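Listed here are the chains, written in short residue letters.
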Amino acid sequence: MRISVIGCGYLGAVHASAMAELGHEVVGIDVDRRKIEALAAAHPPFYEPGLPEILNSATASGRLRFSPDIADAADAEVHFLAVGTPQSSETGAADVSFVDAAFEALLPILAEGALVVGKSTVPVGTAARLAERLAAEAPHAALAWNPEFLREGFAVKDTLAPDRLVYGVADGDDRAASMLDHVYRAAIEAGTPRIITDYATAELVKVAANAFLATKISFINAMSEIADATGADVTALADAIGHDVRIGRRFLNAGVGFGGGCLPKDIRGFTARAEELGLGQTLAFLTEVDAINMRQRRRVVDLAVRDLGGSAAGKKVAMLGVTFKPDSDDVRDSPALDIATSLNALGAEVVATDPEGIENARSRRPELSYVPTTREALQLADLVILATEWGEYRTLDPEVVGRLVGERRIIDGRNVLDPAAWRAAGWHYRGIGRP
Ligand code: UDX
């Protein structure tokens, strides 16, 4: 099929490349010329495992092009809207102005029978509003909402082989669903379940999924606080409750909490939308989920100060990890970066390292010191904080690391190290909710 992807940020760049990988003819459109040039040269402006390879093969084959000019999307049969919906600072609501602008730009160029497909995470009600406008301005085209569930670090795999496909379509619009079936034929033939529903449900599936995941993480983090106060072990607790298939073990890892460009923003946007609908009370628990999450960061700062003898001033703290999760260079709303900044403000000399995130971290928090290697970060440190569970930090040898630091003190902010092994090597080890 001929496909356009409007917006070539993280979501759009991955989607465009994956669609071309599936054999479609794709044009990616973005107003940012530098982004377009980087993608056309198969150099994604962010780190995502597997993306450079498919981007390279798709651009080389001629199936994938990039352009700053929306007119180049005019002959597409399917147009994906993949622009961002950032959190607006005053209300916490999702700002849909980029979606609206992309949609307005598409209206005059839509071909007969074209399908506009929303991928962006939007407040419920957006698709119905856009569909009304489409009916008035371009009745020869149709709208569907097809939320995206990709995870950073697994974005290519999640796009090519998703857990499920959700199509929100207008009542009785079988054609829109069959066009999407055509787009995703490979996944459907491989058995991916698909749910065909209305616009509002499709929009809600996305925010409900993220709200549920965030709740699961904050639930276990709340348990970690109880565990700390009672001497219980939150890791064993998570293993034990996770064996109940109704609960499941995934997303029950206690630690510094969730960050990134989706979970924090989406729960705030969802709460703001509920308030607009007069249902603020219904989602009030999500405010608490957010509060528990932010409290985890303060807990780690407090633990660090306590471990440093009551004051962080003049102490060297090695921060292992600055990204919000491993296998990503994304530092948006990163717990690690927040903790580092707080300790720096308390007078500590924070030296941070990360396999991929240093550049992004430096542009957001230039006041911190960054070093490229773990070894340099650890040198003569008074305290080590493991804040992002990159593979190379999980496998650190406590004896080898112990020879580099000034004091053998570590806070394992992701509960990924073996406390017994570290203590045996003479470390003062502290996890989150672990005795
Ligand atoms: C998330 C959703 O998983 C994805 O479906 C959606 O499309 C976008 O938002 P992502 O932001 O890439 O994806 O990260 P995810 O893997 O969900 O992790 C989010 C945060 O939660 C990270 O900071 C991670 O470290 C944290 N987390 C995750 C925990 O603290 N504990 C856990 O058990 C799991």
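Residues numbered from 1 in each chain as written. Predicted model: local features only at pLDDT ≥ 70, side-chain atom pairs only at ≥ 80, totals over all residues.

1. Thoughts on the overall build of the protein
- What the protein contains, in helices and strands, is 18 helices and 14 strands.
- In terms of overall size, the protein behaves like a compact globule, its C-alpha atoms giving a radius of gyration of 23 Å where 435 residues would be expected to give roughly 22 Å.
- Projected onto its principal axes, the C-alpha coordinates of the protein cover approximately 70 × 50 × 40 Å.
- When the 435 residues of the protein are sorted by exposure, 49% land in the buried category.
- Within the protein, contacts between residues at least 6 apart in sequence are counted, and of these 71% link residues at least 24 apart. (Helix = DSSP H or I, 4+ residues; strand = E, 2+ residues; numbered from the N terminus. Rg over C-alpha atoms; globule rule 2.2 N^0.38 Å. Buried ≥ 20, exposed ≤ 12 C-beta atoms within 10 Å, placed from the backbone. Contact = placed C-beta atoms within 7 Å.)

2. Examining the UniProt feature "active site" (unreviewed entry) in the protein
- The sites that carry the UniProt feature "active site" (unreviewed entry) are, in the present numbering, Cys262.
- Given 26 C-beta atoms within 10 Å, Cys262 falls into the buried group. (UniProt positions renumbered as here; feature names shortened; annotations may be inferred.)

3. Comments concerning the site of the ligand
- Near the ligand, the surroundings consist of 20 residues, among which Glu152, Asn253, Phe258, Gly260 and Cys262 are the closest.
- With three residues, the single largest contributor to the shell around the ligand is helix 9 (residues 199-230).
- The class makeup of the residues in the shell around the ligand is 10 nonpolar, six polar and four charged.
- Formed jointly, the shell around the ligand draws a minimum of three residues from each of two domains, domain 1 (2-197) and domain 2 (232-435). (Near = placed C-beta within 6 Å. Nonpolar A, V, L, I, M, F, W, Y, C, P; charged D, E, K, R; others polar. Domains from an automatic or database assignment.)

4. A short note on the UniProt feature "domain: UDP-glucose/GDP-mannose dehydrogenase C-terminal" (unreviewed entry) in the protein
- Per the UniProt record, "domain: UDP-glucose/GDP-mannose dehydrogenase C-terminal" (unreviewed entry) is found at residues 318-419.
- A distance of 19 Å separates the end C-alpha atoms of residues 318-419, which is 32% helix and 18% strand.

5. Quick word on the packing of helix 11 (residues 263-276) against helix 12 (residues 284-307)
- Two elements in contact, helix 11 and helix 12, have axes whose closest approach is 9 Å; the angle formed by their N-to-C orientations is 155°. Compared by their axis directions, helix 11 and helix 12 come out roughly antiparallel. The crossing of helix 11 and helix 12 is left-handed. Contacts between helix 11 and helix 12 involve Ile267, Arg268, Phe270 and Thr271 from the first element and Leu286, Thr287, Val289 and Asp290 from the second.
- Per-class residue counts for the contact of helix 11 with helix 12 are four nonpolar, two polar and two charged. (Axes fitted to C-alpha atoms, helices over the stretch in contact; angles between N-to-C directions. Parallel < 35°, antiparallel > 145°, perpendicular 65-115°, else oblique. Left-handed = near helix turned anticlockwise from the far one by under 90°.)

6. A few points about the pairing of strand 12 (residues 383-386)
- Residue alternation in strand 12 divides its side chains into two sets, Leu383 and Ile385 and Val384 and Leu386, and both sets are buried.
- One ladder, built from four bridges, connects strand 9 (residues 316-320) with strand 12; its direction is parallel. Of the residues in strand 12, the one forming a bridge with Ala318 is Val384.
- Note that strand 12 and strand 13 (residues 409-412) share three bridges and pair parallel. Residue pairing across strands places Leu386 opposite Asp412, the latter belonging to strand 13. (Pairing = 2+ DSSP bridges.)

7. Some details on helix 3 (residues 51-61)
- Taken residue by residue, helix 3 has Leu51, Ile54, Leu55, Ala58 and Thr59 as its buried positions. Projected onto a plane normal to the axis of helix 3, the buried residues spread over an arc of 125° and lie on a single side. Away from its buried face by more than 90 degrees, helix 3 exposes Ala60 and Ser61.
- Against helix 1 (10-21), helix 2 (33-40), strand 3 (64-67) and helix 6 (155-160) lie the buried residues of helix 3.
- Phi for Gly62, located one or two positions after helix 3, is positive at around 85°. (Arc of directions from axis to C-beta.)

8. Re the sheet that holds strand 14 (residues 428-430)
- In space, the six strands of this open sheet follow the order 11-10-9-12-13-14, with parallel pairing throughout. Strand pairing shows two members of the sheet lacking a second neighbour, strand 11 (369-370) and strand 14, which therefore form its edges.
- Relative to strand 14, strand 13 runs parallel, the two being bridged by three bridges. Bridge pairing in strand 14 places Arg409 opposite His428.
- Strand contacts of helix 12: strand 9, strand 12, strand 13 and strand 14, with the helix running at about 170° to strand 13, the strand carrying the most contacts.
- Sheet contacts for helix 13 (residues 335-345): strand 9, strand 10 (349-353) and strand 12; angle to strand 10, the most-contacted strand, approximately 160°.

9. Here's the deal with the domain arrangement of the protein
- Each assigned domain of the protein is listed with its residue range as follows: domain 1 (2-197) and domain 2 (232-435).
- The C-alpha-based centres of domain 1 and domain 2 are spaced at 33 Å.
- Contacts between domain 1 and domain 2 engage 13 residues on the former and 15 residues on the latter.
- Taken together, the residues of the side of domain 1 that touches domain 2 sort by class into seven nonpolar, five polar and one charged.

10. Some remarks on the sheet that holds strand 8 (residues 194-197)
- Strands sit in the order 3-2-1-4-5-6-7-8 across an open sheet of eight strands; the sheet is mixed. The open sheet has two edge strands, strand 3 and strand 8, and neither has a second partner. Within the sheet, the average angular offset between the axes of one strand and its neighbour, ignoring direction, is 20°.
- Here strand 2 (residues 25-29) pairs with strand 3 via four bridges, running parallel. Looking at the pairing, Val27 lines up with Arg65 of strand 3.
- The strands touched by helix 4 (residues 97-106) within the sheet are strand 1 (2-6), strand 4 (78-81) and strand 5 (115-118), with strand 4 carrying the most contacts at an inclination of about 160°.

11. Digging into the nonpolar core
- Within the largest apolar cluster, 64 residues are counted, with the highest numbers of intra-cluster contacts made by Val5, Ile6, Val14, Leu81, Leu115 and Ala144.
- The element best represented in this core is helix 1, accounting for eight residues.
- Beyond its immediate stretch of four places on either side in the chain, Ile6 contacts Ile29, Ala73, His79, Phe80, Leu81, Ala82, Val83, Ala102 and Leu106.
- Formed by 44 residues, the second largest nonpolar core is a distinct cluster that contains Leu308, Tyr370, Ile385 and Trp427. (Core = buried A, V, L, I, M, F, W, Y, C linked by C-beta atoms within 7 Å.)

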